Protein chains: 2
Amino acid sequence: MSTQTHITPLHPARPLVGHVHLVGAGPGDPELLTLRAHRLICQAHWIVHDRLIAPEILALAADSAERINVGKQGFGKSWGQPDINALLIRLAQTGRTVVRLKSGDPTLFGRLDEETSALDEAGITWSVVPGITAASAASAALGQSLTRRQRNSSIQLVTGHDMQGFAAHDWRSLARSGNVFAVYMGIRAARFMQGHLLMQGAAAHTPVSIVEDVSRPTQRIIAATLGTLVTQLTQYEMTGPAILLYGLEPQQARAAARSCQQAAV
Amino acid sequence: MSTQTHITPLHPARPLVGHVHLVGAGPGDPELLTLRAHRLICQAHWIVHDRLIAPEILALAADSAERINVGKQGFGKSWGQPDINALLIRLAQTGRTVVRLKSGDPTLFGRLDEETSALDEAGITWSVVPGITAASAASAALGQSLTRRQRNSSIQLVTGHDMQGFAAHDWRSLARSGNVFAVYMGIRAARFMQGHLLMQGAAAHTPVSIVEDVSRPTQRIIAATLGTLVTQLTQYEMTGPAILLYGLEPQQARAAARSCQQAAV
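The structure displayed is predicted, hence computed values, not measured ones. (Residues numbered from 1 in each chain as written. Chains lettered and ligands numbered in written order. Predicted model: local features only at pLDDT ≥ 70, side-chain atom pairs only at ≥ 80, totals over all residues. Heavy atoms only, no water.)

### Thoughts on the domain arrangement of chain A
Residues and elements named next belong to chain A.
Thinking step 1. For chain A, the assigned domains read domain 1 (19-129) and domain 2 (134-256).
Thinking step 2. In terms of surface lost to domain 2, no three residues of domain 1 exceed P27, L52 and F109, which account for 65% of the buried area on that side.
Thinking step 3. Linking domain 1 with domain 2 are 0 salt bridges, by the criterion used here.
Thinking step 4. Of the residues belonging to the side of domain 1 that touches domain 2, the class tally is 6 nonpolar, 1 polar and 1 charged. (Domains from an automatic or database assignment. Buried area = accessible area lost by both parts, 1.4 Å probe. Salt bridge = Lys/Arg side-chain N within 4 Å of Asp/Glu carboxyl O. Nonpolar A, V, L, I, M, F, W, Y, C, P; charged D, E, K, R; others polar.)

Structure below.
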């Protein structure tokens, strides 16, 4: 645990009832916080947060609030899930407001259940505040819908990684013509996914948009294709957190392609 | 068009540059608005909104703001998409702040592209503000993740309806054991989906949670299964907007089942 955290010891004769708010911080832009997330951050005594939470969001908390970064960073101490669970329980037992702040939406790729199960076992109540997930913010930035009538009536959100490494998916279903899906944590898995999708018959010219640092001032959008994806990730040296939107191209690229077609007619 | 709308005529000698904010209102609870949505609603001169936008959210706008309901309601006049597009263009051309307020997240089942294409053709700029989608808020209400490590590394969001009626999906892929997906506008399509999923080998005891009026004071959560889904929808007379979460049961139901198993050991 960080040396800057000072946990009030729980007085055994006066058990305090704890509560943890598991709160989605959205993709990074503080204006994409929900009103509830904003209120809870302002009220929090303890904020236990992931590495990727934007400093501007952490700055919204009271000066007296303790911020504990449980994300792995550089050569810093890394927190295992059991350590995070134990920390949340101890903080909740102080009876003060605990906000567990997670990037994006805690219900999506947020390891929510590990923490809520531990809180349940310790008899601590909790509630979940949903957040804007990166796929929504990325497609808003592209100026395109994730779903569109007569194109796709479903959208899949997949992760590039799971506990075993690159995540296994139903590649044949994903490779279907006209399909749209979003890949979270997709940069390192890009070559692996590209291979599987091409092998299942996906067209190399299928558009893939890459949105790095979604909603932040450093946001970059690259219009790639399934065929050029890996080359372009390297070319643009994309290393920040990014989301891949398979089957979608940025609205500007689409408009440009349309006017080229018109010019060619 | 409603008789209460008064559109300032555009002076042809002084063309005004218009802009439309396409804004997600989230599932209903005003506290689930983003800070940006809240700010734009407060600043708006015109709010063009769907039927399902909560009155508490519309009440946030200035007294002087004009609210135009373009949703179909009872025997009221219904707006076609071309009418809505034309309205947005005319309002934007007044040069005042136009907010197109959509339920949930405009990038998901929101018919966003129809409106942005029309605005593009009219030379009117626009931007998209993502919102909390119903699946996130529903799973937060269940106290369960949409994704969980070692259970599902992807989640599909599908619609029960498309332009042709009940939406066609890759039922075999959806029916896979351990799969989790959310169905928007799923109540009327429930029997149709139930049949397809059972036919593709999905187990009748697969949990399905139904969340009606997500995040509103009238919210109801029903723990059903694929087998009992249709019966329970009838039994509980669910007629409000609802989302089905296939493969997930409410956390309380899960905890109860666990303690039953422990008691039986």
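So, next bit.
### Things to note about the packing of helix α3 (residues 81-92) of chain A against helix α4 (residues 112-121) of chain A
Residue and element names in this part refer to chain A.
Thinking step 1. It is at 9 Å that the axes of α3 and α4 come closest, and there the two elements cross at 45 degrees. Comparing the axis directions of α3 and α4 gives the class oblique. For the pair α3 and α4, the crossing hand works out as right-handed. Between α3 and α4, the residues in contact are Q81, I84, N85, L88 and I89 and E114, E115, A118 and L119, respectively.
Thinking step 2. When the residues that make up the contact of α3 with α4 are grouped by side-chain class, the tally is 5 nonpolar, 2 polar and 2 charged. (Axes fitted to C-alpha atoms, helices over the stretch in contact; angles between N-to-C directions. Helix = DSSP H or I, 4+ residues; strand = E, 2+ residues; numbered from the N terminus. Parallel < 35°, antiparallel > 145°, perpendicular 65-115°, else oblique. Left-handed = near helix turned anticlockwise from the far one by under 90°. Contact = heavy atoms within 4.5 Å.)

### A few points about the relation of the copies chain A and chain B
Thinking step 1. In the superposition of chain A on chain B (RMSD 0.0 Å, axial shift 0.0 Å), the rotation amounts to 180 degrees. Such values leave the two copies arranged in the relation of a two-fold axis.
Thinking step 2. The share of interface residues of chain A whose copies in chain B are also at the interface is 100%, consistent with both copies meeting through the same surface. (Least-squares fit on C-alpha atoms with pLDDT ≥ 70 in both.)

### Comments concerning the interface of chain A and chain B
Interface size, as often reported, equals the accessible area lost upon joining of the parts.
Thinking step 1. With 55 residues of chain A at the contact, the number on the chain B side is 55 residues.
Thinking step 2. For the pair chain A and chain B, the summed buried area comes to about 4900 Å², and 50% of that belongs to carbon and sulfur atoms.
Thinking step 3. It is E31(A), L35(A) and R149(A) in chain A that bury the most area against chain B; as a group they hold 15% of the surface buried on that side.
Thinking step 4. The tally of links from chain A across to chain B stands at 8 salt bridges.
Thinking step 5. Across the pair R36(A) and D29(B) runs a salt bridge whose closest N-O atoms are separated by 2.3 Å.
Thinking step 6. Connecting chain A to chain B are 33 residue pairs in polar contact (both at pLDDT 80 or more).
Thinking step 7. Of all the secondary-structure elements, those providing two or more residues to the side of chain A that touches chain B are α1 (35-43), α4, β5 (125-129), α5 (134-142), β6 (154-159) and α9 (251-264) of chain A.
Thinking step 8. Broken down by element, the residue count for the side of chain A that touches chain B peaks at 6 residues, all from β6(A).
Thinking step 9. Across the side of chain A that touches chain B, the residue classes break down as 22 nonpolar, 19 polar and 14 charged.
Thinking step 10. One ladder, built from 5 bridges, connects β6(A) with strand β6 (residues 154-159) of chain B; its direction is antiparallel. Across the sheet, Q156(A) pairs through a bridge with Q156(B), a residue of β6(B). (Polar contact = N/O pair within 3.5 Å; in protein donor to acceptor, adjacent residues only side chain to side chain. Pairing = 2+ DSSP bridges.)

### Some words on the packing of aromatic side chains
Residue and element names in this part refer to chain A.
Thinking step 1. Summed over all chains, the structure comprises 6 aromatic pairs over all chains.
Thinking step 2. Their ring planes at 80 degrees and their centres at 5.8 Å tell us that W171 and F192 sit as a pair that is edge-to-face. Here F192 lies in helix α7 (residues 190-199) and W171 lies in helix α6 (residues 171-174), a separation of 21 residues in the sequence.
Thinking step 3. Overall, the relative accessible area of 28% leaves F192 in the partly exposed class. (Phe/Tyr/Trp six-rings, centres within 6.5 Å; stacked < 30°, edge-to-face > 60°. Buried < 20%, exposed > 50% of the residue type's maximum accessible area, 1.4 Å probe, protein only.)

### Side note on the sheet that holds strand β11 (residues 220-225) of chain A
Thinking step 1. With mixed pairing, the 10 strands of this open sheet are ordered in space as β11(A)-β10(A)-β12(A)-β9(A)-β6(A)-β6(B)-β9(B)-β12(B)-β10(B)-β11(B). Whereas interior strands pair on both sides, the edge strands pair on one side only; in this sheet they are β11 of chain A together with β11 (220-225) of chain B. Pairwise comparison of adjacent strand axes, ignoring direction, gives a mean angle of 20 degrees for this sheet.
Thinking step 2. Two strands pair when backbone bridges link them, and strand β10 (residues 207-212) of chain A and strand β12 (residues 242-246) of chain A are joined in this way by 5 bridges, in the antiparallel orientation. Each residue of the ladder has a partner; that of S209(A), found in β12(A), is L245(A).

### Focus: the sheet that holds strand β4 (residues 98-102) of chain A
All names here are of chain A.
Thinking step 1. Reading across from one edge, β3-β2-β4-β1-β5 is the order of the 5 strands in this open sheet, with parallel pairing throughout. Edge positions in the sheet fall to β3 (66-69) and β5, since each of these pairs with one other strand and no more. Averaged over neighbouring strand pairs, the angle between their axes works out to 20 degrees when direction is ignored.
Thinking step 2. Of the pairings in the sheet, the one linking strand β1 (residues 19-24) to β4 comprises 5 bridges and is parallel in character. Among the inter-strand pairings, G24 is bridged to a residue of β4, identified as K102.

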